[in-house]
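# Fold and contact review
This is what each chain is made of:
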Amino acid sequence: MPAEIVGLGVAVPPYVLTNADLEELVDTNDQWITERTGIKERRVAGPEDSTALLGKRAAEQALKVAGIGIDEVDLVMVATATPDYTLPSAACILQLELGMTRGAAMDVIAGCSGFVYALATASQFIESGAAQTALVVGSETLSRICDYTDRGTCILFGDGAGAVVLRKGEAGVRAFSLGADGARSRLLMTPAGGSRFPANSRTVAERRHYIVMEGREVFKGAVTAMAASSLEAIERSGLKPDEIDLVVPHQANQRIIEATARRLKTPMSNVVMNVARYGNTSAASIPIAMAEAWEQGQIKPGQRLLLTAFGAGLAWGSAVVDWTLPNPAEPPAEEPTRSAMPIVRALLDGTLWDGADMLPPLRNVPEAAL
């Protein structure tokens with residue numbers, strides 16, 4: 001029996017960074033950004049947000065939809081490129097924030113493909129019986145590793161989280177295809193901050209803790225890999241390409257999405273796309289897009305979905321999912337938003353966390369839970 005999606009949720013910060021805002025920071029304009037990416041605005045995490053805390057909001061929504069308590073979760077997986085700390089994992093911090101006192105917790109680092117990797121991994125736990133309930137979260141605070149003096153990257157990335165709850169069911173994750181090519185790792189990476197080049201005065205002065213990307217090469221690799229892995233996942237699912245009802249791609253760039261759809265011979269009317277509102281939220285983009293499309297009735301029970309992504313690693317992945325979750329009675333109300341510019345300026349001058357406690361909260365754990 002496959003792993004079925006029985007709940008999902010989404011969380012995005014209220015702070016909006018528009019193309020007009022970016023015109024004040026770098027040499028760019030709305031027309032240039034829109035023509036090349038399709039992005040109009042993106043969300044930026046505030047000082048009160050983190051990858052785990054955004055993930056917590058999305059996870060709580062997903063658990064509520066599923067009607068499942070946190071004490072029933074056996075496995076938490078967080079797909080992210082921006083964990084709260086290098087050590088411990090974002091999944092452990094999320095476990096802390098959720099008040100979870102049992103089960104396993106681990107991160108998946110596969111760049112923008114992270115959610116598909118995590119979904120594929122968690123589904124194997126469910127199918128094998130090693131876990132009864134899994135919580136899979138894609139959460140990112142890319143604004144923390146985004147260089148707002150580099151117009152080639154700062155126009156692309158945003159923050160947010162999405163989550164799904166998996167349980168064994170009659171229908172769900174049919175098949176997946178995962179791949180990677182480490183030989184092209186330097187095309188999209190954060191050069192410093194790891195153990196090879198830890199933080200020091202030189203790496204900070206040279207701004208090596210931010211995302212660097214060779215955009216043209218990443219574009220070409222994304223279209224080729226997403227199309228190929230999509231076709232492989234469809235074949236493994238026992239379906240044919242024309243039997244896929246809806247494609248939910250990684251929301252990297254409108255041109256990449258359109259080019260991939262052409263390769264798959266899929267009309268854009270059958271493609272979920274919200275890149276204009278959120279930009280590239282890496283491992284969070286597919287669950288955010290999926291949750292919003294479900295809330296708005298674009299995703300319906302009985303449909304066959306194709307999820308496909310490509311990102312740093314370089315890594316890529318696709319999955320075919322039978323959708324069973326009934327739609328909500330009505331979509332949630334839009335939350336009020338405000339400008340992200342004060343936050344971005346505080347990121348640039350280093351004052352955003354002045355006086356903040358660097359350690360996670362301390363929670364007493366009952367001895368029986370250990």
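So, a few notes on the structure that sits alongside this text.

Thresholds applied
Residues numbered from 1 in each chain as written. Predicted model: local features only at pLDDT ≥ 70, side-chain atom pairs only at ≥ 80, totals over all residues. Heavy atoms only, no water. Helix = DSSP H or I, 4+ residues; strand = E, 2+ residues; numbered from the N terminus. Rg over C-alpha atoms; globule rule 2.2 N^0.38 Å. Buried < 20%, exposed > 50% of the residue type's maximum accessible area, 1.4 Å probe, protein only. Contact = heavy atoms within 4.5 Å. Areas by Shrake-Rupley, 256 points an atom, 1.4 Å probe, with all protein chains shown as cover. Pairing = 2+ DSSP bridges. Axes fitted to C-alpha atoms, helices over the stretch in contact; angles between N-to-C directions. Core = buried A, V, L, I, M, F, W, Y, C linked by side-chain atoms within 4.5 Å. Parallel < 35°, antiparallel > 145°, perpendicular 65-115°, else oblique. Left-handed = near helix turned anticlockwise from the far one by under 90°. Nonpolar A, V, L, I, M, F, W, Y, C, P; charged D, E, K, R; others polar. Polar contact = N/O pair within 3.5 Å; in protein donor to acceptor, adjacent residues only side chain to side chain. Salt bridge = Lys/Arg side-chain N within 4 Å of Asp/Glu carboxyl O.

## Looking at the overall build of the chain
Scanning the chain for helices and strands turns up 12 helices and 14 strands. Its C-alpha radius of gyration of 19 Å places the chain within 12% of the 21 Å reference for a compact globule of 370 residues. Counting only C-alpha atoms and orienting by the principal axes, one finds that the chain spans roughly 55 × 55 × 45 Å. Here the chain holds 370 residues, and 53% of them are scored as buried. In the chain, once contacts between residues fewer than 6 apart in sequence are set aside, the share between residues at least 24 apart is 79%. Of the accessible surface of the chain, which amounts to about 16300 Å², a share of 52% is contributed by carbon and sulfur atoms.

## Topic: the sheet that holds strand E1 (residues 3–11)
The strand order E1-E7-E6-E4-E5 describes an open sheet built from five strands, whose pairing is mixed. In the strand order of this sheet, the two ends are held by E1 and strand E5 (104–108), each with one partner. When strand polarity is set aside, the average angle formed by the axes of neighbouring strands in this sheet is 20°. In terms of strand pairing, E1 meets strand E7 (residues 159–168) through eight bridges, oriented antiparallel. Along E7, the bridge assignment pairs Val 10 with Gly 162. Running over the sheet, helix H4 (residues 90–98) touches strand E4 (75–79), E5 and strand E6 (133–141) and is turned about 135° from E5. Lying over the sheet, helix H11 (residues 285–295) contacts E1, E6 and E7, oriented at roughly 95° with respect to E1.

## Digging into the nonpolar core
Membership of the largest hydrophobic core comes to 45 residues, with the highest contact counts inside it found for Leu 166 and Met 290. Tyr 15, Ile 256, Ala 340 and Ala 346 belong to the second-largest nonpolar core, a separate cluster that totals 38 residues.

## Topic: the packing of helix H8 (residues 215–237) against helix H9 (residues 254–264)
The geometry of H8 relative to H9 is characterised by a closest axis approach of 9 Å and an angle of 40° between their N-to-C directions. Taken together, the axes of H8 and H9 are oblique relative to one another. When you trace H8 past H9, the crossing you get is right-handed. Across from Phe 219, Ala 222, Val 223, Thr 224, Met 226, Ala 227, Ser 230 and Leu 231 in H8, the residues of H9 making contact are Arg 255, Ile 256, Ala 259, Thr 260, Arg 263 and Leu 264. Here the residues of the contact of H8 with H9 sort into nine nonpolar, three polar and two charged.

## Focus: the environment of Asn 200
Structurally, Asn 200 can be placed in the loop between strand E9 (188–189) and helix H7 (201–205). Here the alpha-carbon distance between Asn 200 and Ile 93, two residues 107 residues apart in the chain, equals 26 Å. In this structure the side chain of Asn 200 is engaged in a polar contact, spanning 2.9 Å, whose partner is the backbone nitrogen of Arg 202.

## What to know about the pairing of E7
Among the 10 residues of E7, eight are classified as buried, and the element is accordingly described as predominantly covered. Of the strand pairs in this sheet, E6 and E7 are connected by nine bridges, and their pairing is antiparallel. Its bridge partner lying in E7, Leu 135 is registered against Val 165.

## Section: the environment of Ser 230
Checked against the element boundaries, Ser 230 lands in helix H8. Here Ser 230 falls in the buried class, since its relative accessible area comes to 0%. The spatial distance from the C-alpha of Ser 230 to the C-alpha of Val 320 is 8.4 Å, given a sequence separation of 90 residues. Excluding residues within four positions of it along the chain, Ser 230 makes contact with Leu 264, Leu 306, Thr 308 and Ser 318.

## Focus on the sheet that holds strand E12 (residues 304–311)
Read across the sheet, four strands follow the order E8-E13-E12-E11 without closing on themselves; strand pairing throughout is mixed. On the outer flanks of this sheet lie strand E8 (173–180) and strand E11 (246–249), each paired with one strand and no other. Pairwise comparison of adjacent strand axes, ignoring direction, gives a mean angle of 10° for this sheet. Examined bridge by bridge, E8 and strand E13 (residues 315–322) share seven bridges and lie antiparallel to one another.

## Quick word on the side chain of Thr 80
When you line up the elements, Thr 80 lands in the loop between E4 and H4. A distance of 2.9 Å separates the side chain of Thr 80 from the backbone nitrogen of Thr 82, its partner in a polar contact. Not counting the four nearest positions on each side in its chain, Thr 80 is found in contact with Thr 51, Ala 90, Asp 107, Val 108, Ile 109, Ser 139, Glu 140 and Ala 283.

## Considering the side chain of Glu 292
Considering the arrangement of structural elements, one finds Glu 292 in helix H11. The class for Glu 292 is buried, based on a relative accessible area of 10%. In contact with Glu 292, not counting residues within four places along its chain, are Asn 274, Arg 277 and Tyr 278.

## Focus: the pattern of salt bridges
Two side chains with opposite charge may pair up if their charged atoms get near one another. For the coordinates displayed, the defined rule picks out 14 salt bridges. Across the pair Asp 74 and Arg 102 runs a salt bridge, and its minimum N-O distance is 2.8 Å. With a gap of 28 residues between them, Asp 74 in the loop between helix H3 (51–66) and E4 and Arg 102 in the loop between H4 and E5 connect regions that are remote in the sequence. Of the residues examined, Arg 102 reaches a relative accessible area of 35% and is grouped as partly exposed. In this structure, Lys 220 and Glu 217 form a salt bridge, with 3.2 Å as the shortest nitrogen-oxygen distance. Placement of both Lys 220 and Glu 217 in helix H8 is noted, with a separation of three residues, approximately one turn of the helix.

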